[in-house]
Amino acid sequence: MDPEGNPYGGLSLIETSLEFEYPIFKDTALALFWDATMLEQSSNTFTNDFLYSVGFGLRYYTPIGPLRMDLGIPLDKDGVMFHLGIGQVF
């Protein structure tokens, strides 16, 4: 629970992702993706609906893995999510 008493995280997760990358320079690529996630508050119980998002990103390939910058748009509610990461997600 967060400080306001709202659920924060869960005990079970199903997550799927589909991503297409298109190289634009030697060490750089654009990415398009679709994600679907189901998060549950109890163990091994999957009764919630999936939450879907789409987005795009930029990949810069370094010797320790790709540096990822992604902008995701939830299809179920308003807003935009920005993510930074290094290494492959899957």
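These figures come from a predicted structure and were not determined experimentally.

A. Main features of the overall build of the chain. Looking only at helices and strands, the chain features zero helices and five strands. Starting at the N terminus, the α and β elements of the chain follow one another as β-β-β-β-β. By the compact-globule yardstick of 12 Å for 90 residues, the chain is too spread out, its C-alpha radius of gyration being 16 Å. On the principal axes, the C-alpha backbone points of the chain span a range of 45 × 25 × 25 Å.

B. Looking closely at the packing of aromatic side chains. Under the counting rule described, the total for this entry stands at two aromatic pairs. Ring pairing ties together the aromatic residues Trp-34, Phe-50 and Tyr-52, which thus form one cluster.

C. Spatial organisation of the layout of surface pockets. Of the voids in this model, the largest pocket is the one considered here, and its volume is about 1,100 Å³. Around the largest pocket, the lining is made up of 36 residues, and of these Glu-15, Asp-35, Thr-37, Ser-53 and His-83 lie nearest the centre. For the lining of the largest pocket, the elements supplying multiple residues, two or more each, are β1 (12–25), β2 (28–40), β3 (51–62), β4 (65–74) and β5 (81–86). Residues of the lining of the largest pocket, tallied by class, amount to 15 nonpolar, 11 polar and 10 charged.

D. Representation of the pattern of salt bridges in the model. Using the criterion set out here, one finds three salt bridges in the structure. The shortest N-O distance in the salt bridge between Glu-19 and Arg-59 comes to 3.2 Å. Taken together, the positions of Glu-19 in strand β1 and Arg-59 in strand β3 put the pair 40 residues apart, joining distant regions of the chain. Looking at Glu-19, the relative accessible area reads 23%, which means it is partly exposed.

E. Structural view of a nonpolar patch on the surface. A cluster of nonpolar residues, Tyr-22, Ile-24, Phe-25, Leu-30, Leu-58, Met-69, Phe-82 and Leu-84, forms a patch on the protein surface that exposes about 840 Å² of accessible area. When contributions to the nonpolar patch are tallied by element, the ones reaching two or more residues are β1 and β5. For the nonpolar patch, the element with the highest residue contribution is β1, accounting for three residues. Structurally, Tyr-22 is set in strand β1.

F. Structural view of the side chain of Ser-12. Its place among the elements puts Ser-12 in strand β1. Looking at Ser-12, its side chain comes within polar contact range of the main-chain nitrogen of Asn-44, at 2.7 Å. Excluding residues that lie within four positions of it along the chain, Ser-12 makes contacts with Met-38, Leu-39, Glu-40, Ser-42, Ser-43, Asn-44, Thr-45 and Phe-46.

Definitions and limits used
Residues numbered from 1 in each chain as written. Predicted model: local features only at pLDDT ≥ 70, side-chain atom pairs only at ≥ 80, totals over all residues. Heavy atoms only, no water. Helix = DSSP H or I, 4+ residues; strand = E, 2+ residues; numbered from the N terminus. Rg over C-alpha atoms; globule rule 2.2 N^0.38 Å. Phe/Tyr/Trp six-rings, centres within 6.5 Å; stacked < 30°, edge-to-face > 60°. 1 Å grid on protein atoms, 1.4 Å probe; cavity = no way out; pocket = protein on both sides within 12 Å on 5 of 7 lines; lining within 4 Å. Points joined across faces, edges and corners; volume = space filled by probe spheres on them. Nonpolar A, V, L, I, M, F, W, Y, C, P; charged D, E, K, R; others polar. Salt bridge = Lys/Arg side-chain N within 4 Å of Asp/Glu carboxyl O. Buried < 20%, exposed > 50% of the residue type's maximum accessible area, 1.4 Å probe, protein only. Patch = residues over 30% accessible without salt bridge, like charges linked within 9 Å, V, L, I, M, F, W, Y side chains within 5 Å. Areas by Shrake-Rupley, 256 points an atom, 1.4 Å probe, with all protein chains shown as cover. Polar contact = N/O pair within 3.5 Å; in protein donor to acceptor, adjacent residues only side chain to side chain. Contact = heavy atoms within 4.5 Å.

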